Amino acid sequence: DLGGVGEELDVSVYAVGGFVRDLMLGMENSDIDVTVEGDGILFAETFAERFGCRVKSHHKFGTAVIVLPDGLKIDVASTRLEYYDSPGALPTVERSSLKMDLYRRDFTINTLAVLLNSRGFGLLIDYFGAQRDLQEKVIRVLHNLSFVEDPTRVFRAIRFEQRLGFHIAIHTENLIKNAVKMNFLERLGGKRLLSELVHILREHEPQRAIERLAMLGLLPFIHQHLELTAELHRLLDETRKILSWFDLLFLGASCERWVVYFLALTAALSDDEFWETCGRLAVSEHYRERLADNRRQGSRTLNTLERLIADQMQLLPSDIYLLLKDLTVEILLFLMARTTGEEARRVVSLYFTKLRNVRISVTGHDLEALDIPHGPRYRQILDSILAARLNGQVNSREDELRLLAD
Ligand code: CTP
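Keep in mind that this is a model prediction, so the values were computed, not measured.

(A) Seen up close, the site of the ligand. Lining the immediate environment of the ligand, one finds 15 residues, of which Arg21, Asp106, Asp150, Arg159 and Arg163 sit closest. In the model, a nitrogen atom of the ligand is placed 3.3 Å from a nitrogen or oxygen of the Thr152 side chain. Isolated, the ligand exposes 570 Å² of accessible area, and the fraction of that covered by the protein chains is 74%. Among the cavities detected, the one that contains the ligand is the largest pocket. Of all the elements in the fold, those that place two or more residues in the shell around the ligand are α2 (18-25) and α7 (152-164). Of the residues assigned to the shell around the ligand, the class counts are 1 nonpolar, 5 polar and 9 charged.

Below you can see the structure in the form of structure tokens.
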């Protein structure tokens, strides 16, 4: 009962931003953003105490996060900010209004507010023509400096455009082009750039958004040699198909879809350029190394596989398993999208559907029971039983034990 606590503290409480936008569009959005006309931290702490929730406050920004017992989060902001410039100094208090708070936002469609107080509950506040733009399906900034103030908004504009099926207003698009021309995006820190890119690549079907990034000249900010070629088109399209194939299989293996798209987006870059890209995006040292290693190993594996197929070598399931077992799910899916060879794709799909989860029941204990001395032989024996199982030569624990006895 957010409105009830508002009444009690005599402050107005509004649901704002994406939550209201999605409400108007009939879309789901579980993130609730609330703005309090007054002290938002006091509001959040009172609410949390009353309803037994956790709360985390950031005094500097006058914001708080309420975590409901079911894990749902409510972000609370204040229109009244109170902060200390230096320890011991008097607090600086900034008052603004709901209207000012909404004016600072990215796009008109995110500026709707709904009053939550019991008195006047549900009152819709629309200062900047948000309802009109929702109706006309337009992404529009509120003022000309929006992208200069916050260049991440360029990526947000494209993300919303594609997700909602809207289009960026002409003037807003010109402001983006201008921000690109003036190199404002170069100032964007790697972490923020990565976060925006990941958001885009996590959208349902990101290829249109990537086309828009290319069209607006944004790809070179990720790496100067990134460009939308016919091959990248094909690759993104294949990636989408492969990912929906993978979803349908429902293998229970987790997969970071954005990583597969990221690999596709950067497929034409050399190893060094890929490394530079990860650097530009401030990918953590550890993850960068792993990703680059996997990518290299993936390329080598695909080459080997395609060569074996071209030479018409007979590939046993155990050979396929050995070739692919150390690659991550994301790399494997990327390789499936990358290869133009039907047979190579069939081989990787066989690995996913039939081989990847094959296990044997014989363990080291069974070997001990047979008085086989400890040592590297254990691994060899277990591997050869696994190979036999993969190739269909043994199908049960009895078969495995029989093979072991031989
Ligand atoms: N916002 C902004 N500028 C940014 C990021 C956010 O003005 N660079 C504002 C937007 O108006 C947005 C609100 O902060 O409505 C909350 O941000 P966020 O949760 O990222 O946006 P949502 O609109 O909720 O988007 P999503 O549906 O993707 O969560």
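(B) View of the sheet that holds strand β1 (residues 12-16). Taking strand neighbours across the sheet as the criterion, the 7 strands line up as β3-β4-β5-β2-β1-β8-β9 in an open arrangement whose pairing is mixed. Edge positions in the open sheet fall to β3 (54-58) and β9 (124-125), since each of these has one partner strand only. Summarising the sheet, β1 and strand β8 (residues 113-115) pair through 3 bridges and their orientation is antiparallel. Within the sheet, the bridge partner assigned to Ala15 lies in β8 and is Val114. Along the sheet, helix α3 (residues 40-51) contacts β1, β2 (32-37), β3, β4 (63-67) and β5 (73-78); its crossing angle with β3, the most-contacted strand, is approximately 170°.

(C) Molecular detail of the environment of Ala267. On the secondary structure map, Ala267 appears in the loop between α12 (257-265) and α13 (271-280). Here the alpha-carbon distance between Ala267 and Arg295, two residues 28 residues apart in the chain, equals 9.3 Å. Discounting residues that sit within four places of it in the chain, Ala267 has contacts with Leu235, Arg295 and Phe334.

(D) Up close: the pattern of salt bridges. Under the defined criterion, the tally for this structure stands at 31 salt bridges. For Asp271, the salt bridge identified is with Arg295, shortest N-O distance 3.4 Å. Linking Asp271 in helix α13 with Arg295 in helix α14 (residues 285-310), this pair joins segments that are 24 residues apart in sequence. You can call Asp271 partly exposed: its relative accessible area is 39%. Look at Arg295 and you get buried, because its relative accessible area is 8%. It is possible to trace a salt-bridge network through shared partners that takes in Asp237, Glu238, Arg240, Lys241 and Arg345.

(E) Molecular detail of unusual backbone geometry. If you check the backbone angles, Lys137 has positive phi at about 60° while not being a glycine. Within the secondary structure layout, Lys137 lies in the loop between α5 (130-136) and β10 (138-139). Overall, the relative accessible area of 42% leaves Lys137 in the partly exposed class. Positioned with a positive phi, Asp371 is a non-glycine residue whose angle comes to about 60°. With respect to the secondary-structure elements, Asp371 resides in the loop between α18 (364-369) and α19 (377-390). What makes Asp371 exposed here is its relative accessible area of 68%.

(F) Molecular detail of the side chain of Ser78. With respect to the helices and strands, Ser78 occurs in strand β5. Looking at Ser78, its side chain comes within polar contact range of the main-chain nitrogen of Gly40, at 2.9 Å. Polar side-chain contacts of Ser78 include one of 2.5 Å to the backbone oxygen of Gly62. Excluding its chain neighbours within four sequence positions, the residues that come into contact with Ser78 are Val36, Gly38, Asp39, Gly40, Ile41 and Gly62.

(G) Here's a closer look at the nonpolar core. Grouped together as the largest cluster of nonpolar side chains are 105 residues, with contacts concentrated most on Val34, Leu218, Phe262 and Leu333. Ranked by size, the runner-up nonpolar core spans 9 residues in total, among them Tyr14, Ile125, Phe128 and Leu142.

(H) Up close: the packing of aromatic side chains. For the structure shown, the criterion picks out 11 aromatic pairs. Seen from their ring centres, Tyr103 and Phe128 are 5.7 Å apart, and the 40° between their planes marks the pair as tilted. On the criterion of sequence distance, the pair formed by Tyr103 in helix α4 (residues 98-103) and Phe128 in the loop between β9 and α5 is long-range, its members being 25 residues apart. A relative accessible area of 32% places Tyr103 in the partly exposed class. Given a relative accessible area of 17%, Phe128 falls into the buried group. Joined through ring pairs, the aromatic side chains of Trp245, Phe246, Tyr321, Tyr351 and Phe352 make up one cluster.

(I) Summary view of α3. The first and last C-alpha atoms of α3 sit 16 Å apart over 12 residues, in line with the 16 Å expected at 1.5 Å per residue. Against α1 (2-9), β1, β2, β3, β4 and β5 lie the buried residues of α3. N-capping of α3 is provided by Asp39, with a side-chain oxygen placed 3.0 Å from the backbone N of Ile41. Two residues or fewer past α3, Gly52 is found with a positive phi of approximately 60°.

(J) Geometry of the layout of surface pockets. Quantified by volume, the largest pocket comes out at close to 1300 Å³. Lining the largest pocket we find 39 residues, and of these Asp33, Asp75, Arg105, Asp106 and Arg156 sit closest to its centre. At the level of secondary structure, the elements contributing two or more residues to the lining of the largest pocket comprise α2, β2, β5, β6 (80-84), α7 and α9 (190-201). Here the lining of the largest pocket takes 6 residues from α7, the largest share from any one element. Taken together, the residues of the lining of the largest pocket break down into 9 nonpolar, 10 polar and 20 charged.

Parameters at a glance
- Residues numbered from 1 in each chain as written.
- Predicted model: local features only at pLDDT ≥ 70, side-chain atom pairs only at ≥ 80, totals over all residues.
- Heavy atoms only, no water.
- Near = heavy atom within 4 Å.
- Polar contact = N/O pair within 3.5 Å; in protein donor to acceptor, adjacent residues only side chain to side chain.
- Areas by Shrake-Rupley, 256 points an atom, 1.4 Å probe, with all protein chains shown as cover.
- 1 Å grid on protein atoms, 1.4 Å probe; cavity = no way out; pocket = protein on both sides within 12 Å on 5 of 7 lines; lining within 4 Å.
- Sits in = over half its atoms within 2 Å of the grid points.
- Helix = DSSP H or I, 4+ residues; strand = E, 2+ residues; numbered from the N terminus.
- Nonpolar A, V, L, I, M, F, W, Y, C, P; charged D, E, K, R; others polar.
- Pairing = 2+ DSSP bridges.
- Contact = heavy atoms within 4.5 Å.
- Axes fitted to C-alpha atoms, helices over the stretch in contact; angles between N-to-C directions.
- Salt bridge = Lys/Arg side-chain N within 4 Å of Asp/Glu carboxyl O.
- Buried < 20%, exposed > 50% of the residue type's maximum accessible area, 1.4 Å probe, protein only.
- Core = buried A, V, L, I, M, F, W, Y, C linked by side-chain atoms within 4.5 Å.
- Phe/Tyr/Trp six-rings, centres within 6.5 Å; stacked < 30°, edge-to-face > 60°.
- Expected span 1.5 Å × (residues − 1).
- Points joined across faces, edges and corners; volume = space filled by probe spheres on them.

Interpretation in functional terms is not warranted from these geometric data alone.
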